[in-house]
Amino acid sequence: LFPARAADGGTPPLVVAHRGASGYAPENTLPAADRAAELGVDWVENDVQRTRDGELVVLHDDSLARTTDVEEVFPGRSPWKVRDFTAAEIARLDAGSWFGPAFAGTRVPTLEQFLRRLERHDQNLLLEIKNPRLYPGIEGETLQALDNEGWLDRAHLRNRLVVQSFSADSVRTVHELEPAVRTGFIGKPPVKDLPVYADFADRINSPHAALSSGYVAVAQSFRGPHGKPLKVLAWTVDDAAAARRAAGLGVDGIVSNKPDVVREAVGG
Ligand code: G3P
Ligand code: CA
């Protein structure tokens, strides 16, 4: 019903490991990047936020409670927001035990640590600026951190890095600060608004179930800020049937906690 484009002789969609291979290792940690590498997946998505003392760290929720032992280590600090803790405090937390005993002692990585691990694996990064309204100025700081680690050189800019956000303002800010960076908007803008988004975003990263083949084709008919057709990504796809449907719609990429399942289903 939904044949993969690869089966039709087209290019299979790019597969992105969501928060790392987070179906198999604790999300947004170095082991999740390692697991993606072991699976041969060369694109990794992560989420970046800022500590009280200005360190950029990789974590999804605005609170540390779900994915670390912060409630035990700092019982009086409810609601355990990332922005209320220093980097040194966060470095004491166990970000792996919640997922399984094999990951006990895993730490919340800094963005710098995460970039270095990806570089070691030759992996590419779909970086999400998470909750930017909580962190004024985080766009410039993120670009500076990327630059410090060599991620704004020509090779990374061309095809190894995309910076995305649910916040259109944040994506626009990234584009204005560093126009050479490829950018993505997370969500599904109405078709009538796509020309506006195409001014500052190269990619539209939509919930997969919301997409139709018509929407994908229309979005891909616009050119983004770098003169190339907008790319459409679909998240978060963890089973073969949904992966085949997304590929059949013609998406350019699929974001998955289980990238091996997606690749098995559609190639890529
Ligand atoms: O890449 C898109 C996806 O990561 C957005 O959802 O909640 O996992 O950050 P979330
Ligand atoms: Ca994300």
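Just so you know, these numbers come straight off a predicted model, no measurement behind them.

Draft legend 1. Seen up close, the overall build of the chain. Along the chain, the regular secondary structure elements total 11 helices and nine strands. The C-alpha atoms of the chain give a radius of gyration of 18 Å, which matches the 18 Å a tight globule of 268 residues would have. C-alpha extents for the chain along the principal axes are approximately 55 × 40 × 30 Å. Out of the 268 residues belonging to the chain, those deemed buried represent 48%. Counted over contacts in the chain with a minimum sequence separation of 6, partners at least 24 positions apart contribute 59%.

Draft legend 2. Geometry of helix α5 (residues 138–148). Taken as a whole, α5 has its buried residues at Ile138, Glu139, Thr142, Ala145 and Leu146. Projected down its long axis, α5 carries its buried residues within an arc of 125 degrees, all on one side. Contacts made by the buried residues of α5 are with β2 (43–50), β3 (56–58), α4 (111–121), β4 (124–129), β5 (161–165) and α7 (168–177). Looking one or two residues beyond α5, the residue adopting positive phi is Gly150, at roughly 80 degrees.

Draft legend 3. Broad picture of the nonpolar core. One finds Ala243, Ala246, Val251 and Ile254 to be the most contacted residues of the largest nonpolar core, which totals 72 residues. Beyond its immediate chain neighbours, meaning those up to four positions away, Val251 contacts Pro13, Leu211, Val216, Val232, Leu233, Ala234 and Ala246.

Draft legend 4. Broad picture of the pairing of strand β1 (residues 14–17). Here four bridges tie β1 to strand β9 (residues 253–256), and the two strands are oriented parallel to one another. Residue pairing in the sheet places Val15 in a bridge with Ile254 of β9. In the sheet, β1 pairs with β2 via two bridges, with the strands oriented parallel. Opposite Ala17, over in β2, you have Val44 as the bridge partner.

Draft legend 5. Inspection of the environment of Asp42 at higher detail. Checked against the element boundaries, Asp42 lands in the loop between α1 (30–38) and β2. Take Asp42: there are 18 C-beta atoms within 10 Å of it, and that puts it in the partly exposed class. C-alpha of Asp42 to C-alpha of Asn124: the two residues are 82 residues apart in sequence and 5.8 Å apart in space. Dropping the residues within four chain positions of it, Asp42 is found in contact with Asp122, Gln123 and Asn124.

Draft legend 6. A look at the site of ligand 1. Residues in contact with ligand 1, as listed here, are His18, Glu45, Asp47, His60, Glu128, Ile186, Asn205, Trp235 and Val255. Grouping the constituent residues of the shell around ligand 1 by class yields three nonpolar, three polar and three charged.

Draft legend 7. Focus on the UniProt feature "domain: GP-PDE" (unreviewed entry) in the chain. Under the feature "domain: GP-PDE" (unreviewed entry), the UniProt entry names residues 13–266. In this annotation, residues 13–266 is assigned 34% helix and 18% strand; the end-to-end C-alpha distance for the span is 8 Å.

Draft legend 8. Structural context of the packing of helix α10 (residues 240–249) against helix α11 (residues 259–266). Between α10 and α11, the shortest axis-to-axis distance is 9 Å and the interhelical angle comes to 55 degrees. The orientation of α10 with respect to α11, classified from their angle, is oblique. Relative to α11, α10 is oriented so that their crossing is right-handed. Between α10 and α11, the contacting residues are Ala240, Ala243, Arg244 and Ala247 on the first element and Val261, Val262, Glu264, Ala265 and Val266 on the second. Class assignment of the residues belonging to the contact of α10 with α11 gives a composition of seven nonpolar, no polar and two charged.

Draft legend 9. Just the environment of Asn159, in detail. Position of Asn159 relative to the elements: it lies in helix α6 (residues 154–159). Judged by the 9 C-beta atoms lying within 10 Å of it, Asn159 falls in the exposed class. Measuring from C-alpha to C-alpha, the distance between Asn159 and Arg182 comes to 8.3 Å, with 23 residues separating the pair along the chain.

Draft legend 10. Layout of α4. Of all the residues in α4, the buried ones are Leu111, Phe114, Leu115, Arg117 and Leu118. For α4, the angular spread of the buried residues around the axis is 160 degrees, confining them to a single face. Each element contacted by the buried residues of α4 is listed here: α1, β2, β3, β4 and α5. Positioned one or two residues after α4, Asp122 has a phi angle of 60 degrees, which is positive.

Draft legend 11. Quick look at unusual backbone geometry. Cis geometry marks the peptide bond from Ser78 to Pro79, where omega comes out at 5 degrees. Structurally, Pro79 is set in the loop between α2 (70–73) and α3 (87–91). Look at Trp80: it is not a glycine, yet its phi comes out positive at around 60 degrees. Note that Trp80 resides in the loop between α2 and α3. For Trp80, a count of 20 C-beta atoms within 10 Å translates into the label buried. Of note, the phi angle at Asn131 is positive, near 50 degrees, even though the residue is not glycine. Within the fold, Asn131 resides in the loop between β4 and α5.

Parameters and conventions
- Residues numbered from 1 in each chain as written.
- Chains lettered and ligands numbered in written order.
- Predicted model: local features only at pLDDT ≥ 70, side-chain atom pairs only at ≥ 80, totals over all residues.
- Helix = DSSP H or I, 4+ residues; strand = E, 2+ residues; numbered from the N terminus.
- Rg over C-alpha atoms; globule rule 2.2 N^0.38 Å.
- Buried ≥ 20, exposed ≤ 12 C-beta atoms within 10 Å, placed from the backbone.
- Contact = placed C-beta atoms within 7 Å.
- Arc of directions from axis to C-beta.
- Core = buried A, V, L, I, M, F, W, Y, C linked by C-beta atoms within 7 Å.
- Pairing = 2+ DSSP bridges.
- Near = placed C-beta within 6 Å.
- Nonpolar A, V, L, I, M, F, W, Y, C, P; charged D, E, K, R; others polar.
- UniProt positions renumbered as here; feature names shortened; annotations may be inferred.
- Axes fitted to C-alpha atoms, helices over the stretch in contact; angles between N-to-C directions.
- Parallel < 35°, antiparallel > 145°, perpendicular 65-115°, else oblique.
- Left-handed = near helix turned anticlockwise from the far one by under 90°.

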